[in-house]
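Close look at the chain arrangement
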Amino acid sequence: MRVRTTGPIFRGMRRSTTNPVVLPLAFGLIAALIPFVALRAFGHRHVMFGLNVHFIGVGVTALVAALASLALTIAGARRRDGRTVIVGTAFSVMAALLGIHGLATPGVLVGMNGVIAFTGGATLPVGAAVLALSALPGLRRPKSVRPLLVLQAVLLATVITLGTVGILFPSVVPSVPETGSREAVAAMLIGFGLFALLAIRALRTYLLTRRIADLVVAVGIVWLASALAPAMLMSFMELGWWFGHAFELIGIVIVTVPVALDLMRSAQSRPLVGDVCGADLVQAEEAFLGSHVRALTLSLARKDEYTEEHTRRVALRAVQVGEELGLAGGRLRALATGALVHDIGKLSVPDNILQKPGPLTDEEFEIIKRHPEWGDRMLVELGFEEEIRHLVRSHHERLDGSGYPHGTEGSLIPLDVRILAVCDVYDALISRRVYRDAWSHERAVKLLREESGTSFDAKCVSALERVLAAGLEPVAAAV
């Protein structure tokens with residue numbers, strides 16, 4: 001039987017699969033390294049720019065940060081999204097510190113003072129620290145918005161008050177941290193650590209969503225981090241010190257634009273928060289995995305409603321188990337996609353067999369057993385990656401070689417496939433079918449335990465039990 005992929009559902013879908021990550025990551029790495037290369041090549045060159053340049057340049061940066069803060073804070077408040085408000089708070093504090101830093105430029109509006117060194121050294125570490133708070137679970141609750149707005153106002157008032165006092169009474173604020181001092185190095189390292197945390201969050205989000213905007217956020221965070229070293233280790237007579245101010249401005253723009261645009265999406269990825277999970281990929285499949293996956297699941301739903309609902313529940317469980325077992329973002333994304341389409345080969349199974357209200361004959365079961373290979377063949381024609389196709393063609397394989405279609409066994413079955421196999425069987429057992437009642441949770445788990453180490457991977461069974469015990473499992477439909 002030939003698998004058809006030429007109908008209206010599939011037209012235009014060839015090679016419309018998930019984009020490879022290697023090329024975007026390579027460009028992202030090159031973009032992230034630009035400031036470090038520039039600092040290395042030109043940073044120590046001696047320059048003599050007028051202090052007015054500093055006054056204007058920092059003023060522009062403060063204005064950009066203030067606009068970013070205003071946009072994000074208003075959007076977060078309207079949406080009752082505390083995580084967005086805290087991002088706006090971070091930029092507001094940075095804007096205030098930068099504004100004072102610019103105003104404190106010696107020889108423009110005021111004389112020599114310690115405020116310029118203090119605010120210059122505090123802007124990036126403080127901003128990174130506030131941004132890092134965006135991952136706190138409590139910020140997901142709408143009731144957190146009002147306290148965060150109050151916090152933003154208090155922080156702004158505090159920074160502005162201290163800055164004003166420092167400018168009016170220069171002796172109050174010491175000129176710390178001194179360039180290259182232990183305090184400066186400590187602040188730099190703390191800032192690097194916080195920005196590294198933020199960059200890892202954004203990069204993990206990109207590996208899950210494959211949205212270029214999420215990768216851009218990671219690059220922007222690195223640009224912000226690159227401004228730390230010149231701020232702490234160089235003097236205004238070195239070109240690198242001026243580079244640092246430029247990197248800070250560019251980093252703010254690079255981070256803010258995609259974060260703001262993300263708020264307009266139906267399914268947000270929140271790269272600064274880093275809380276997108278595998279379940280999000282399944283629940284918003286078209287937004288995160290692409291219209292080609294959605295088209296396949298819709299086609300399967302038209303063919304057999306039970307099979308489509310089953311694959312969705314299996315996909316949800318599989319990614320939860322994958323996260324429990326520590327799968328990396330790329331593998332988790334492939335698992336979500338593969339699990340959603342793992343039964344797509346049943347599109348080629350005759351209706352009278354797929355929906356038969358009774359036990360299958362040996363001949364009928366032999367036809368059913370071909371659906372993994374039919375699904376694999378279909379995904380080949382549509383241009384899906386091998387990692388996803390392997391999940392589709394191998395989800396009925398068993399560790400002891402008793403599965404089908406190839407009787408693969410042991411270490412030749414990857415962890416992703418083992419996860420899918422366990423979740424597939426569990427959901428099939430607890431679902432009611434027209435020819436049998438649903439098994440109880442306890443009975444289904446007992447069978448999986450009994451066959452752990454023979455048919456099923458014991459780690460995957462245990463992980464599934466932990467997921468179920470935590471109440472994360474989707475409810476099986478009574479079909």
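Residues numbered from 1 in each chain as written. Predicted model: local features only at pLDDT ≥ 70, side-chain atom pairs only at ≥ 80, totals over all residues. Heavy atoms only, no water.

Let's shift gears to helix α5 (residues 145-168). The terminal C-alpha atoms of α5 lie 34 Å apart, and with 24 residues this matches the ideal 34 Å at 1.5 Å per residue to within 8%. Those residues of α5 that fall on the buried side of the exposure criterion are V145, L148, Q152, V159, G163, G166 and I167. Contact partners of the buried residues in α5: α2 (51-79), α3 (82-103) and α4 (115-132). (Helix = DSSP H or I, 4+ residues; strand = E, 2+ residues; numbered from the N terminus. Expected span 1.5 Å × (residues − 1). Buried < 20%, exposed > 50% of the residue type's maximum accessible area, 1.4 Å probe, protein only. Contact = heavy atoms within 4.5 Å.)

The full count for this structure, using the stated rule, is 0 disulfides. Summary of cysteine pairing: C277 is not part of a disulfide, and the nearest cysteine sulfur, belonging to C423, is at 15 Å. Owing to a relative accessible area of 22%, C277 belongs among the partly exposed residues under this scheme. Take C460: it sits in no disulfide, and the sulfur closest to it among the cysteines is that of C423, at 7.9 Å. (Disulfide = S-S within 2.5 Å.)

Taken as a whole and judged by the stated rule, the model has 6 aromatic pairs. Ring geometry for F236 and W241: centres 6.4 Å apart, planes at 70°, overall edge-to-face. Owing to a relative accessible area of 41%, F236 belongs among the partly exposed residues under this scheme. For W241, a relative accessible area of 13% puts it in the buried group. Each member of the aromatic cluster is reached from another via a ring pair, and the members are F49, F236, W241 and W242. Its guanidinium or amino end placed over the ring of W439, R443 lies 3.6 Å from that ring's centre, counting from NZ or CZ. (Phe/Tyr/Trp six-rings, centres within 6.5 Å; stacked < 30°, edge-to-face > 60°. Lys NZ or Arg CZ within 6 Å of the ring centre and 35° of its normal.)

Attention now moves to the side chain of D262. Relative to the elements of secondary structure, D262 occurs in helix α9 (residues 239-262). The residues touching D262, leaving out its near neighbours within four places in the chain, are R211, Q268, S269, R270 and P271.

What follows deals with the pattern of salt bridges. Applying the stated criterion across every chain, the model contains 22 salt bridges. For K346, the salt bridge goes to D343, with nearest N and O atoms at 3.7 Å. For the pair K346 and D343, a shared accessibility class is recorded, and that class is buried. For the salt bridge of E366 with K369, the shortest nitrogen-to-oxygen distance reads 3.5 Å. Given the relative accessible area of 22%, K369 is considered partly exposed. (Salt bridge = Lys/Arg side-chain N within 4 Å of Asp/Glu carboxyl O.)

Our next topic: the environment of E451. With respect to the element layout, E451 can be found in the loop between α20 (441-450) and α21 (458-469). With a relative accessible area of 27%, E451 lands in the partly exposed category. Distance from E451 to E323, taken between C-alpha atoms, is 23 Å for residues 128 residues apart in sequence.

Relative orientation of the contacting elements α2 and α5 amounts to 155°, with a least axis distance of 10 Å. The orientation of α2 relative to α5 falls into the category roughly antiparallel. Here α2 runs over α5; the crossing is left-handed. Between α2 and α5, the residues in contact are S69, T73, G76 and A77 and V145, L149 and Q152, respectively. Class assignment for the residues of the contact of α2 with α5 results in 3 nonpolar, 4 polar and no charged. (Axes fitted to C-alpha atoms, helices over the stretch in contact; angles between N-to-C directions. Parallel < 35°, antiparallel > 145°, perpendicular 65-115°, else oblique. Left-handed = near helix turned anticlockwise from the far one by under 90°. Nonpolar A, V, L, I, M, F, W, Y, C, P; charged D, E, K, R; others polar.)

Moving on, we get to a nonpolar patch on the surface. Taken together, L23, F27, I30 and I34 make up a surface patch of nonpolar side chains, about 440 Å² in accessible area. Take L23: it is sitting in helix α1 (residues 22-42). (Patch = residues over 30% accessible without salt bridge, like charges linked within 9 Å, V, L, I, M, F, W, Y side chains within 5 Å. Areas by Shrake-Rupley, 256 points an atom, 1.4 Å probe, with all protein chains shown as cover.)

The next thing to look at is the environment of V392. Inspection of the secondary structure assignment puts V392 in helix α18 (residues 386-394). What makes V392 buried here is its relative accessible area of 0%. For V392 and I160, which are 232 residues apart along the polypeptide, the C-alpha to C-alpha distance reads 59 Å. Among residues more than four places away in sequence, those in contact with V392 are G338, V341, H342, P372, G375, D376 and L379.

Here R393 lies in helix α18. Note on R393: relative accessible area 16%, which makes it buried. Sequence spacing of R393 and A65 is 328 residues, and the spatial spacing of their C-alpha atoms is 51 Å. Once you skip the residues sitting within four places of it in the chain, R393 turns out to touch P372, D376, E386 and P405. Of note is the side chain of R393, whose polar atom sits 3.4 Å from the side chain of D376. (Polar contact = N/O pair within 3.5 Å; in protein donor to acceptor, adjacent residues only side chain to side chain.)

These results come straight from atomic positions and should not be treated as a statement about function.
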